[in-house]
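# Architecture and fold: a report
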Amino acid sequence: MANSKLYKGSLTTIILKLLSEHNKMYGYEITQKVKALTKGELQITEGALYPSLHKLESEGLLDVEVAKVDNRLRKYYKLTEKGTKETVSKLEELEQYLATLQALLNPKLSY
Amino acid sequence: MTLSEEQIKNLYAFTRKHFVEYYDLQTELVDHMANDIEAILEDDPSLSFEQARDKAFKKFGVFGFMEVVEQRAKAMNKKYAKLLWHYTKDWFRLPQIMATISMCLIFYTIFSFEVSSLIFVTAFLLLCIFLMYKAFSMNRKIKKKQKTKEKLWLLEDIIYRNASAGGLFFAPQVFHFMYTVDGLEGYKPFICALVFTLIIIYTYVSTVVIPKNAEIHLLETYPEYSL
């Protein structure tokens with residue numbers, strides 16, 4: 001994936017944002033949702049998704065829940081109160097970064 | 001199409017074969033692989049289960065589950081450190097801080113005696129014997145658990161491992177103190193008292209408090225622990 005280097009820094013923000021729009025999600029669902037929303041342009045790799053989820057969980061931003069679905073166990077993630085607050089500031093951070101990039105790439109358009 | 005129970009079992013064995021030792025991570029990866037396999041088979045029903053499984057596994061990259069396993073271990077160690085800090089902090093709050101201060105003062109008084117270094121080394125030795133005893137009983141507990149069930153939990157491992165490792169960590173220091181402490185003078189009794197108090201709090205938290213509350217934290221970390 002050519003753009004995988006570019007999205008790496010914003011992976012946690014993407015996860016938090018998705019979880020803020022859905023009550024709870026599981027790993028595979030997140031990869032599919034991102035793929036669908038970006039029309040396949042952005043594909044989160046399994047090797048990057050789970051470490052990010054586990055890190056957010058250990059930081060107390062996510063809570064976990066397990067349910068039996070079909071004949072297997074499924075682990076769901078949802079935002080904690082701390083996670084909800086963090087989502088807001090992370091999104092602001094990313095938006096600011098986007099604006100900065102915009103200013104760099106298209107100086108005339110952004111002013 | 002939903003995977004059969006047999007195929008799910010096959011996936012658990014598959015994760016074990018690829019060095020995923022702990023049940024919680026196995027479960028998460030099994031569900032992920034199962035979802036992907038179902039999607040792959042839907043797209044191309046001519047593939048066998050094994051072919052679809054290998055195709056799903058390839059998406060994890062050349063290192064397979066390694067990265068996920070490593071990061072999970074990191075996250076769990078962080079969680080343990082947080083627990084340790086959470087319970088240790090309590091000793092510096094009212095009313096426990098009174099006990100902490102008195103403990104420190106008592107040690108200070110004792111270590112200020114003329115035979116202080118002897119007392120200090122003896123006290124340290126006693127503590128190490130207690131830790132060795134704890135390590136021994138913890139190890140027996142772990143072995144018993146490993147025998148009776150096949151599901152392993154990383155946080156549980158870390159809790160028991162740390163509880164039994166204290167002795168191994170502190171015991172060699174006895175010799176260090178024996179040679180360097182030549183009677184405690186000046187500020188030394190105070191430093192010794194402070195260090196000793198901190199070691200006692202750490203020992204108490206890691207060998208008594210956390211193992212006692214292990215069940216609560218394991219359930220909180222692993223909702224599937226009780227299933």
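Our subject in this report is the structure included herewith.

Conventions used here
- Residues numbered from 1 in each chain as written.
- Chains lettered and ligands numbered in written order.
- Predicted model: local features only at pLDDT ≥ 70, side-chain atom pairs only at ≥ 80, totals over all residues.
- Heavy atoms only, no water.
- Helix = DSSP H or I, 4+ residues; strand = E, 2+ residues; numbered from the N terminus.
- Buried < 20%, exposed > 50% of the residue type's maximum accessible area, 1.4 Å probe, protein only.
- Contact = heavy atoms within 4.5 Å.
- Areas by Shrake-Rupley, 256 points an atom, 1.4 Å probe, with all protein chains shown as cover.
- Lys, Arg positive; Asp, Glu negative; His and termini not counted.
- Charge placed at Lys NZ, Arg CZ, Asp CG, Glu CD.
- Axes fitted to C-alpha atoms, helices over the stretch in contact; angles between N-to-C directions.
- Parallel < 35°, antiparallel > 145°, perpendicular 65-115°, else oblique.
- Left-handed = near helix turned anticlockwise from the far one by under 90°.
- Nonpolar A, V, L, I, M, F, W, Y, C, P; charged D, E, K, R; others polar.
- Buried area = accessible area lost by both parts, 1.4 Å probe.
- Salt bridge = Lys/Arg side-chain N within 4 Å of Asp/Glu carboxyl O.
- Polar contact = N/O pair within 3.5 Å; in protein donor to acceptor, adjacent residues only side chain to side chain.

Turning to the overall build of chain A, a few remarks are in order. Secondary structure summary: chain A contains six helices and three strands in total. Listing the helices and strands of chain A from first to last along the sequence gives α-α-β-α-α-β-β-α-α. Once the C-alpha set of chain A is aligned to its principal axes, its extents read approximately 55 × 30 × 20 Å. Counting across all 111 residues of chain A, residues that qualify as buried make up 41%. For chain A, the proportion of contacts with a sequence separation of at least 24, taken over those separated by at least 6, is 45%. About 6500 Å² of surface is accessible on chain A, with carbon and sulfur atoms providing 55% of the total. Here chain A carries 17 positive and 14 negative side-chain charges, and the mean point of each set is 5 Å from the other.

Residue and element names in this part refer to chain B. At a minimum axis separation of 9 Å, helix α1 (residues 5-17) and helix α2 (residues 23-43) run at an interaxial angle of 125°. By the criterion of interaxial angle, the relationship of α1 to α2 is oblique. Two packed elements cross with a definite hand, and for α1 against α2 that hand is right-handed. The residues of α2 that touch α1, namely those facing I8, L11, Y12, F14, T15 and R16, are Y23, Q26, T27, L29, V30, M33, A34 and I37. The residue inventory of the contact of α1 with α2, partitioned by class, reads 10 nonpolar, three polar and one charged.

Our next topic: the interface of chain A and chain B. Across the boundary between the two partners, chain A contributes 23 residues, which contact 31 residues of chain B. In total, about 2500 Å² of surface goes out of reach between chain A and chain B, with carbon and sulfur atoms giving 55% of it. The three residues of chain A that bury the most area against chain B are Y28(A), R72(A) and L73(A), which together make up 27% of that side's buried surface. Seen at the junction of chain A and chain B, the total is six salt bridges. Taking the shortest distance from any N to any O, the salt bridge between R74(A) and D31(B) comes out at 2.9 Å. The interface formed by chain A and chain B includes 13 residue pairs in polar contact (both at pLDDT 80 or more). Of all the secondary structure elements, the ones that give two or more residues to the side of chain A that touches chain B are α3 (27-37), α4 (46-58), β2 (62-69) and β3 (72-79) of chain A.

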